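Now for the letters of each chain:
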Amino acid sequence: AAIQALRSKGINDSQFVVRLITGRSWEDAVKEKAQCHVIFDQISSDIGIGTLGANTMEGLAQSKIVLGDYHGYTYSMYPELEQCLTRVTKDSLADTLYALAYNRELWAAKTHINKQGFDFVRSRFDIPVVGTQWKHLIEFIYEEGVNDGLNKPALIAVPAIEQAGA
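Cut-off values and rules
- Residues numbered from 1 in each chain as written.
- Predicted model: local features only at pLDDT ≥ 70, side-chain atom pairs only at ≥ 80, totals over all residues.
- Heavy atoms only, no water.
- Helix = DSSP H or I, 4+ residues; strand = E, 2+ residues; numbered from the N terminus.
- Buried < 20%, exposed > 50% of the residue type's maximum accessible area, 1.4 Å probe, protein only.
- Contact = heavy atoms within 4.5 Å.
- Areas by Shrake-Rupley, 256 points an atom, 1.4 Å probe, with all protein chains shown as cover.
- Phe/Tyr/Trp six-rings, centres within 6.5 Å; stacked < 30°, edge-to-face > 60°.
- Patch = residues over 30% accessible without salt bridge, like charges linked within 9 Å, V, L, I, M, F, W, Y side chains within 5 Å.
- Salt bridge = Lys/Arg side-chain N within 4 Å of Asp/Glu carboxyl O.
- Axes fitted to C-alpha atoms, helices over the stretch in contact; angles between N-to-C directions.
- Left-handed = near helix turned anticlockwise from the far one by under 90°.
- Nonpolar A, V, L, I, M, F, W, Y, C, P; charged D, E, K, R; others polar.
- Parallel < 35°, antiparallel > 145°, perpendicular 65-115°, else oblique.
- Core = buried A, V, L, I, M, F, W, Y, C linked by side-chain atoms within 4.5 Å.
- pLDDT = per-residue confidence, 0-100.

Some points on the overall build of the chain
Part 1: Assigned secondary structure in the chain consists of nine helices and three strands.
Part 2: Within the chain, the proportion of its 166 residues that are buried is 30%.
Part 3: Considering only contacts in the chain between residues 6 or more positions apart, those separated by 24 or more positions represent 58%.
Part 4: Roughly 10,700 Å² of accessible area belongs to the chain as shown, and the carbon and sulfur atoms make up 56% of that amount.

What to know about the packing of aromatic side chains
Both the distance between ring centres and the angle between the ring planes are used here to describe each pair of aromatic rings.
Part 1: Under the defined criterion, the tally for this structure stands at three aromatic pairs.
Part 2: A centroid spacing of 6.4 Å and a plane angle of 65 degrees characterise the contact between Tyr70 and Tyr75, whose relative ring orientation is edge-to-face. As far as burial versus exposure is concerned, Tyr70 and Tyr75 are alike and both buried.
Part 3: Summarising the aromatic geometry, the rings of Tyr98 and Tyr102 are spaced 4.9 Å apart at their centres and angled 40 degrees between planes, so their arrangement reads as tilted. Here Tyr98 and its partner Tyr102 are both found in helix α7 (residues 93–102), four residues apart, which amounts to about one turn of the helix.
Part 4: What makes Tyr98 partly exposed here is its relative accessible area of 30%.
Part 5: In this structure Tyr102 comes out as partly exposed when scored by relative accessible area, which is 44%.

Regarding a nonpolar patch on the surface
Part 1: On the surface, Trp134, Leu137 and Phe140 cluster together into a nonpolar patch covering about 290 Å² of accessible area.
Part 2: You can see Phe140 is positioned in helix α9 (residues 127–144).

So, the packing of helix α4 (residues 54–61) against helix α8 (residues 104–125)
Part 1: Where α4 meets α8, the axes come as close as 7 Å, and the angle between the chain directions of the two elements is 115 degrees. Handedness of the crossing formed by α4 with α8: left-handed. Residue-level contacts link Met57, Leu60 and Ala61 of α4 to Asn114, Gly117, Phe118, Phe120, Val121 and Phe125 of α8.
Part 2: Residues that form the contact of α4 with α8 fall into these classes: seven nonpolar, two polar and no charged.

Let's talk about the packing of α7 against α8
Part 1: Their axes nearest at 5 Å, the elements α7 and α8 cross at an angle of 100 degrees. Regarding the angle of α7 to α8, the classification is roughly perpendicular. In this structure, α7 contributes Ala99, Leu100, Ala101 and Tyr102 to the contact, and α8 contributes Arg104, Leu106, Trp107 and Lys110.
Part 2: Among the residues making up the contact of α7 with α8, the classes are represented as six nonpolar, no polar and two charged.

Quick notes on the nonpolar core
Part 1: Leu60, Leu81, Leu85 and Phe120 are the most contacted members of the largest nonpolar core, which totals 13 residues.
Part 2: Counting only elements with at least two residues in this core, the list comes to α4, α6 (81–84) and α8.
Part 3: Ignoring anything within four residues of it in the chain, the contact list for Leu85 reads Thr56, Val66, Leu67, Gly68, Asp69, Tyr70 and Tyr75.

Here's the deal with the confidence of the model for the chain
Part 1: Taken as a whole, the chain shows an average pLDDT of 76; of its residues, 79% reach a score of 70 or greater.
Part 2: Ranking the elements of the chain by mean pLDDT puts helix α3 (residues 44–47) last with 56 and helix α2 (residues 26–34) first with 88.

Given below as structure tokens:
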């Protein structure tokens, strides 16, 4: 619907290229996303829940402009996401894409926000950060005896994090 709305504004396929990235390996999909200027993830009303999506994380990690929207619960868990993500609805997606394409000041402002998105991903989801969280959880389980009731540590498999600088 958004593409049809853009075409009704006189935008043709040579001015605005949309790539549907599907049916590819993760590595190939990430490489293709690296070629894009704008990443669209999801609109919470589309799926009901609107949890933080992989496309958003990958787009922010690549310092891209990311369009989407999530359930309020997601924003309550990650309030800084509001600063990194360009929120859109089904009704505003086409207008937002049009504005990004033709409003250089808006494009420059959104491009500046890309650094905030990169910082958000690094501060919340970088391997050493997540690894340290898991390490603390495992230590808590071991030290507090939260296990099968026999005072033995619970068995939890996690990736090695010591090499990652944790």
